[in-house]
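Secondary and tertiary structure notes
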Amino acid sequence: MVLAAISFSVWPKEIVPPTYLPFGLVFAGIIVYGKRAIPGIFFGTAGTVILQGGDTVEALFLPAFDLLFSILMLSLYRSMLGEKKLLDEIVPARNFLLVLIFFALPLYASLGATTLSIFYPGDYSDIASIALYWWMGDVVAMVFLGGALTFFLRRIKSGQYLTANDSDLFFKSIPIIGLMAVLMLWSAGTLDLSAQVLLLLVTPLYIASIMTRAIGLYGFAVTILYWWAEVVIKLEIGPLSLVDGEFWVFAITCGVFGSGWFLIGALLRNHQLISQRELEASRALQQASSAKYSMFDALNQLSLARDNETGNHILRTQHYVRAIALALRDLSVPHASQLDDETIEAMFLAAPLHDVGKVGIPDSILLKPGKLTESEWSVMKTHALVGENVLLSAADQAGSDDLRIAGELAGGHHEKWNGTGYPRSLVGEDIPLSARIMAIADVYDALTSSRVYKSAWSHKDAISEIASLSGAQFDPKIVEAFFAAEPEIVLIAQQFKDQD
């Protein structure tokens, strides 16, 4: 603020452009330091007034006025952006700047001009012109200088200027300094160039300055160019002397289009970074998904190696499970919350593993051609627990919900609704939902498939048997879902029919 006061006080007042320099620092200070900047704003503004030879009224009024506006700006910032940094999110930042420029600043300038007209009726009688001039100066300082200082102060606050990260700052400044030098020399009449030649010279420098994305340097450059344009206009030197009035065309061109390009560049860069992160996340998900499917395929192969069922049995039961689960979701509101797309897909993957526990059954029992003895049957029934333990252990190690569902399905698909099943004699909804669905799919496929010890049942006889077991072996709701999915069940049976 002391630097602002000094720089403002040594300028000849008759050619100072309408840029209230301290306001750029006020804006940046509030944005970066919050309420901690308020004492500096008060005493800095007072110092500015004193160094300009202001009287007692000005020395008290202007600092108090800046202090009140700083509190208003801080309140607006906190209410609209909270703890976010400016431009963390584009929409609230844009809204904050629009409210500040078109509501708070006009109010501030109007009140200030009115107050000055009361204390100095002779010097400040044209309130409208004073308020407009005041508003213009604050807007220019906030948009150009305040924006640039915000970037610089934030980096100084974080200590980044003490690191080697800015070793390329000099090289980034070259095109911006070149752009400033060309425009300033031309505007002063030193470079005798036509507008076309100037455009050819300035355009690559302008593009290069945009590509550096040195937004702080760019903001300073625009501010200096704007001041210079105002000065040469008022001094009536160079080509810009032909411009009548304030050089708003220059300000709008550099400010709106220039900073707009920088903002677009920053947004595009952020978009590129986000897209890159999304691509990396997508690749990671694809790799994880590929690994998951490979794991399930390996487990399926292991299950088939120790099972006398056909590969088509695996495919049919998989699709039966999914068809029944989808029908159950449509029929039953309580079940709909449990059967999202991810859960149904996990059941589909897990269905082939329902008998994976048979890897723990001795060949003498598993491959026995005749009827099992009671003791052999007891051993055979342990395959449900073996499969459950293996899959749940793997699920805990991998943190996989898919394997957890596979474990529930393997351990519970021989349980019965009335509690007469195995291995735990669970009753009703104590049986996992995935296992209850698998039970019907497995039984229907067993009934309608030919085996060495039996002929295939017709579809009509099979569904009649399932209906008769509703409420005893099977969950009645799932039986209802099975019949709702009957047309799809028939299509699946035909599609994956065993070859003779």
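Residues numbered from 1 in each chain as written. Predicted model: local features only at pLDDT ≥ 70, side-chain atom pairs only at ≥ 80, totals over all residues. Heavy atoms only, no water.

1. Looking at the overall build of the protein chain
In terms of helices and strands, the protein chain carries 21 helices and zero strands. Here the analysis covers contacts within the protein chain between residues at least 6 apart in sequence; of these, 68% occur between residues at least 24 apart. Carbon and sulfur atoms make up 64% of the accessible area of the protein chain, which amounts to about 25,900 Å² in all. (Helix = DSSP H or I, 4+ residues; strand = E, 2+ residues; numbered from the N terminus. Contact = heavy atoms within 4.5 Å. Areas by Shrake-Rupley, 256 points an atom, 1.4 Å probe, with all protein chains shown as cover.)

2. As for helix 19 (residues 459–468)
Residues spaced three or four apart along an α-helix face the same direction, because each turn holds 3.6 residues. Within the sequence span of helix 19, burial applies to Ala-462, Ile-463 and Ile-466. Viewed end-on, helix 19 has its buried residues packed into an arc of 90°, placing them on one side of the element. Buried positions along helix 19 lie against helix 18 (433–448), helix 20 (476–484) and helix 21 (486–495). (Buried < 20%, exposed > 50% of the residue type's maximum accessible area, 1.4 Å probe, protein only. Arc of directions from axis to C-beta.)

3. Let's talk about the packing of aromatic side chains
Under the defined criterion, the tally for this structure stands at eleven aromatic pairs. Taking the centre distance of 5.3 Å and the plane angle of 85° together, the rings of Tyr-77 and Phe-96 count as edge-to-face. Here Phe-96 lies in helix 5 (residues 90–119) and Tyr-77 lies in helix 4 (residues 56–81), a separation of 19 residues in the sequence. Phe-96 shares its class with Tyr-77; the two are buried. Among the aromatic residues, ring-to-ring pairing joins Phe-61, Phe-65, Phe-69, Tyr-108 and Trp-134 into one connected group. Directly above the ring of Phe-348 sits Arg-322, whose terminal nitrogen or CZ lies 3.9 Å from the centroid. Just above the ring of Tyr-422 sits the side chain of Lys-381; from NZ or CZ to the centre is 5.5 Å. (Phe/Tyr/Trp six-rings, centres within 6.5 Å; stacked < 30°, edge-to-face > 60°. Lys NZ or Arg CZ within 6 Å of the ring centre and 35° of its normal.)

4. Considerations on helix 16 (residues 383–398)
Taking 1.5 Å per residue as the helical rise, helix 16 with its 16 residues ought to reach 22 Å, and the 22 Å between its terminal C-alpha atoms agrees with that figure. Those residues of helix 16 lying buried are His-383, Ala-384, Gly-387, Glu-388, Leu-391 and Ala-395. Looking straight down helix 16, one finds its buried side chains confined to an arc of 125°; they lie on one side. Residues Asp-396 and Gln-397 are exposed on helix 16 and point more than 90 degrees away from its buried face. Among the residues trailing helix 16, Gly-399 stands out with phi positive, at a value near 65°. (Expected span 1.5 Å × (residues − 1).)

5. A closer look at the packing of helix 13 (residues 341–350) against helix 17 (residues 401–412)
Their axes nearest at 9 Å, the elements helix 13 and helix 17 cross at an angle of 60°. Relative to helix 17, helix 13 is oriented oblique. Judged by the sense of rotation from one axis to the other, the crossing of helix 13 with helix 17 is right-handed. Taking contact as the criterion, the partners of Thr-343, Ala-346, Met-347 and Ala-350 in helix 13 are, on helix 17, Asp-402, Ile-405, Ala-406 and Leu-409. (Axes fitted to C-alpha atoms, helices over the stretch in contact; angles between N-to-C directions. Parallel < 35°, antiparallel > 145°, perpendicular 65-115°, else oblique. Left-handed = near helix turned anticlockwise from the far one by under 90°.)

6. Some remarks on the nonpolar core
Ranked by internal contacts, the top residues of the largest apolar core, which has 43 residues, are Ile-324, Ile-437, Ile-440, Tyr-444, Phe-482 and Ile-489. Among the elements that line this core, the one with the most residues is helix 18, at eight residues. Setting aside residues no more than four positions away along its own chain, Ile-440 makes contact with Ile-324, Ile-466, Phe-474, Ile-478, Val-479 and Phe-482. Core analysis: the second largest hydrophobic core is formed by 35 residues, Phe-27, Ala-37, Ile-130 and Met-142 among them. (Core = buried A, V, L, I, M, F, W, Y, C linked by side-chain atoms within 4.5 Å.)

7. Overview of unusual backbone geometry
At the junction of Tyr-422 and Pro-423, the peptide bond is cis and its omega measures out at 15° in the coordinates. With respect to the secondary-structure elements, Pro-423 resides in the loop between helix 17 and helix 18. Backbone geometry at Ser-425 places phi at a positive 55°, although glycine is not the residue there.

8. Structural notes on the confidence of the model for the protein chain
The share of residues in the protein chain with pLDDT of 70 or more is 73%, and the mean pLDDT across the chain is 76. Across residues 161–165, confidence stays below pLDDT 50; counting only partners more than four residues off in sequence or on other chains, it has five contacts. This stretch, residues 256–268, has a pLDDT under 50; its non-local contacts, to residues over four places away or in other chains, come to 21 contacts. (pLDDT = per-residue confidence, 0-100.)

9. A word on the pattern of salt bridges
All told, the structure shown has nine salt bridges when counted by the stated rule. In this structure, Arg-329 engages Asp-341 in a salt bridge whose closest nitrogen and oxygen atoms are separated by 2.9 Å. Linking Arg-329 in helix 11 (residues 311–331) with Asp-341 in helix 13, this pair joins segments that are twelve residues apart in sequence. A salt bridge links Glu-480 to Lys-477, with the nearest nitrogen and oxygen atoms 3.6 Å apart. In this pair, Glu-480 and Lys-477 are both assigned in helix 20, three residues apart and thus about one turn of the helix distant. Take Glu-480: its relative accessible area is 40%, and that puts it in the partly exposed class. Members of the salt-bridge network, linked through shared partners, are Asp-401, Arg-404 and Glu-408. (Salt bridge = Lys/Arg side-chain N within 4 Å of Asp/Glu carboxyl O.)

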